[in-house]
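Remarks on the overall topology
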Amino acid sequence: MAMRTRLTWLQEKCLQRYFGEKRFCLLYKASVQKFSEQDLFSNCQDQGPTMILLYSKNCVIGVYLQYGFRKTYVSTTFFALQNTEFSQYARGRYLPASLFCDGSDFLILLSERTVTISSEICQKLRLLPPQQSTMSIQECEAFRCEELLDERKTSGIVLLRSNLLEDLSTYKPYGDLVHQTRILLLGPIGAGKSSFVNSVRSVFRGRTMHQALVGCEINGTSDKYRTYSIMSKNVSGSLPFLLCDSLGLSQGAGLHIDDIRCILNGHTPDRYQFDPMKPITSNHPNYIHDPSLKDKIHCVVFVFDVNSVEQLSHGLVAKIKEIRKELMKCGILHLALLTHVDSLELITKGDLIDIYNCNPVKLKLEAVQRAFGFEFSDILVVSNYISEWELDPVKDILILRALKEILYTANEFLEDFPLNKK
Ligand SMILES: Nc1nc2c(ncn2[C@@H]2O[C@H](COP(=O)(O)OP(=O)(O)O)[C@@H](O)[C@H]2O)c(=O)[nH]1
Ligand SMILES: [Mg+2]
């Protein structure tokens, strides 16, 4: 019979958070094997760090053995999970087998389906009543606690990262119609547009870069239209795409829809200083009067902070929908990019590896789909570099995957362009 833990997803996340990015591999389940100490020992002997969980009526009580079931003393931590409230007590060194013999201040009797806990431990774990108590248990499970990013996984990630870099190094704008595809980043202030530019630059340069000004719109330093070329440490010259960073969207002020039209059509020069009250006109000295395909935008990316995407004002959602309509009219393809995924509650680094299958992220994808009508396959997720000193291959993979999708979407637009023009 296949064994499945009784822990809920949320409880598992809480435990992962406290035990530091571990994956729990179920070794023993009393209701499937037997409520017997021998069965538990034989399944858990010498498995490395091990966690035993005892499910009582109102809470989960646990023991974490830092070096697992050995015949020597090992560091032992007791803990309790009441709903998602976690409490722990690092008790010092124990002989694991002594947890199952009389005389211990934490006694598990599997054959009787009980656990007896001393008053001291009850108090530390905030269990009620705080005096010594014997509780009946409905289930006992034991898990091997593996590092989420063991050596095998890390080397897989590094390989995936280099494959993605290789894929992108062969990218060319469709049919050589332009020298560089132009990607416009749009989104609310603070969504992470400038940070995404820095993140892409960082991945290709092999070190963290902070050229695009982050979080400065209030004092006016980032209210310019900026087009960024990306240099790679392995290729001479710029890569065949440009990232265009703009003033943030907001309900009343922010980037004006007429300014967006001008950018899309290639009239807006690099470093143009936006005036939210007055869109650019053809009288501006640097206005591009006769833009060609290379000046136009080939793909738009709507950037959102994953934490606040459901709290956008009604007016802003309406404005974004209006921009989408405009894009559809011009035949410009567009995607959504969710940033800040690292700061979503209960997300661990292990989740970043398989982020699109992670429950809280799936809920956010659904929210974006509901609010704006994007298809799931058009919603990308990244965790930007913000103040790190070192690159992280897991973050790189998300950034490169998103970029690959964006560039190939721009190519779809270019592929269709002569038809559009007619
Ligand atoms: N934790 C986290 N913070 C981010 C991420 N992206 C951006 N930020 C932070 O969010 C704030 C706004 O980012 P910024 O790039 O200036 O947003 P912009 O206004 O859209 O250009 C800054 O403090 C960034 O450091 C991310 O993926 N994760
Ligand atoms: Mg910015």
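Computed from a predicted structure; not experimentally measured. (Residues numbered from 1 in each chain as written. Chains lettered and ligands numbered in written order. Predicted model: local features only at pLDDT ≥ 70, side-chain atom pairs only at ≥ 80, totals over all residues.)

**Side note on the overall build of the protein chain**
Here is the rule we go by: The secondary structure listing takes helices from DSSP runs of H or I that are at least 4 residues long and strands from runs of E that are at least 2 residues long, numbered from the N terminus. Note on method: radius of gyration uses C-alpha positions; expected globular size equals 2.2 Å times residues raised to 0.38. Placing a C-beta atom from the backbone of each residue, one calls two residues in contact when those atoms lie within 7 Å.
Scanning the protein chain from terminus to terminus reveals ten helices and 15 strands. Over its C-alpha atoms the protein chain spans a radius of gyration of 28 Å, topping by over 25% the 22 Å that the globule rule assigns to 422 residues. With respect to the principal axes defined by its C-alpha atoms, the protein chain has extents near 90 × 45 × 40 Å. Once local pairs closer than 6 in sequence are excluded, the contacts in the protein chain between residues at least 24 apart make up 66%.

**Quick notes on unusual backbone geometry**
Rules: Whether a residue is buried, exposed or partly exposed follows from its count of other C-beta atoms within 10 Å of its own C-beta, namely 20 or more, 12 or fewer, or something in between, respectively; the C-beta atoms are built from the backbone.
Here R113, not a glycine, exhibits a phi torsion of approximately 55°, which is positive. Tracing the chain through its elements places R113 in the loop between β6 (106-109) and β7 (114-117). What makes R113 partly exposed here is the crowd of 17 C-beta atoms within 10 Å. Unlike most non-glycine residues, R126 shows phi in positive territory, near 55°. Within the element layout of this structure, R126 appears in the loop between α3 (119-124) and β8 (133-136).

**Side note on the site of ligand 1**
Cut-off, in case you're wondering: The criterion for a residue being near a molecule or strand is a backbone-placed C-beta atom within 6 Å of that molecule or strand. Basically, the charged four are Asp, Glu, Lys and Arg, the nonpolar ten are Ala, Val, Leu, Ile, Met, Phe, Trp, Tyr, Cys and Pro, and anything else, Gly included, counts as polar.
Surveying the vicinity of ligand 1 reveals 20 residues, the closest of which are G192, K193, S194, S195 and N384. Sorting elements by how many residues they give to the shell around ligand 1 places helix α5 (residues 193-205) first, with three residues. The residue makeup of the shell around ligand 1, split by class, is five nonpolar, twelve polar and three charged.

**Here we look at the nonpolar core**
Filter applied, for reference: One nonpolar core equals one set of buried Ala, Val, Leu, Ile, Met, Phe, Trp, Tyr and Cys residues connected by C-beta atoms within 7 Å.
Residues I183, V301, L337 and L338 are the most contacted members of the largest nonpolar core, which totals 69 residues. In terms of residues, this core owes the most to one element, helix α10 (residues 393-421), which gives eleven residues. With 33 residues, the next largest nonpolar core counts A30, F69, L81 and A142 among its residues.

**Observations concerning the domain arrangement of the protein chain**
Here is the rule we go by: The start and end points of each domain follow an automatic or database-based domain assignment.
Examined at the domain level, the protein chain breaks down into domain 1 (1-65 + 137-147) and domain 2 (151-421). Centre-to-centre, using C-alpha coordinates, domain 1 lies 43 Å away from domain 2. Contact with domain 1, which involves six residues of that partner, is made by five residues of domain 2. Looking at the side of domain 1 that touches domain 2, its residues break down into one nonpolar, one polar and four charged.

**Focus: the sheet that holds strand β13 (residues 299-305)**
Test applied: Strands qualify as paired when DSSP identifies two bridges or more between them. For every element, the axis is a line fit to its C-alpha atoms; helices are fit only across the contacting stretch, and the angle between N-to-C directions ranges from 0 to 180 degrees.
Strand order in this open sheet of six strands is β11-β12-β10-β13-β14-β15, and the pairing throughout is mixed. The open sheet has two edge strands with one neighbour each: β11 (226-231) and β15 (379-381). Between one strand axis and the next, the sheet turns by 30° as a mean value, whatever way the strands run.

**A closer look at helix α9 (residues 359-372)**
Put simply, the rule reads: An expected span of 1.5 Å times one less than the residue number is assigned to each helix. Comment: arc refers to directions from the helix axis out to C-beta atoms.
The end-to-end C-alpha separation of α9 is 20 Å, in line with the 20 Å expected for 14 residues at 1.5 Å each. Among the residues of α9, those classed as buried are V361, K364, L365 and V368. Viewed end-on, α9 has its buried residues packed into an arc of 100°, placing them on one side of the element. Facing away from the buried side of α9 by more than 90 degrees, the exposed set consists of L363, E366 and R370. Those residues of α9 that are buried lie in contact with β13, β14 (334-339) and β15.

**A short note on the sheet that holds strand β5 (residues 85-94)**
Read across the sheet, six strands follow the order β1-β9-β2-β3-β4-β5 without closing on themselves; strand pairing throughout is antiparallel. Edge positions in the sheet fall to β1 (22-29) and β5, since each of these pairs with one other strand and no more. Taking each pair of neighbouring strands and ignoring which way they run, the sheet shows an average axis angle of 25°. Taken together, the six bridges between strand β2 (residues 50-55) and strand β9 (residues 139-147) define a ladder with antiparallel strand orientation. Along β9, the bridge assignment pairs L53 with E141. Contacting β1, β2 and β9, helix α2 (residues 37-44) runs over the sheet at an angle of about 140° to β1.

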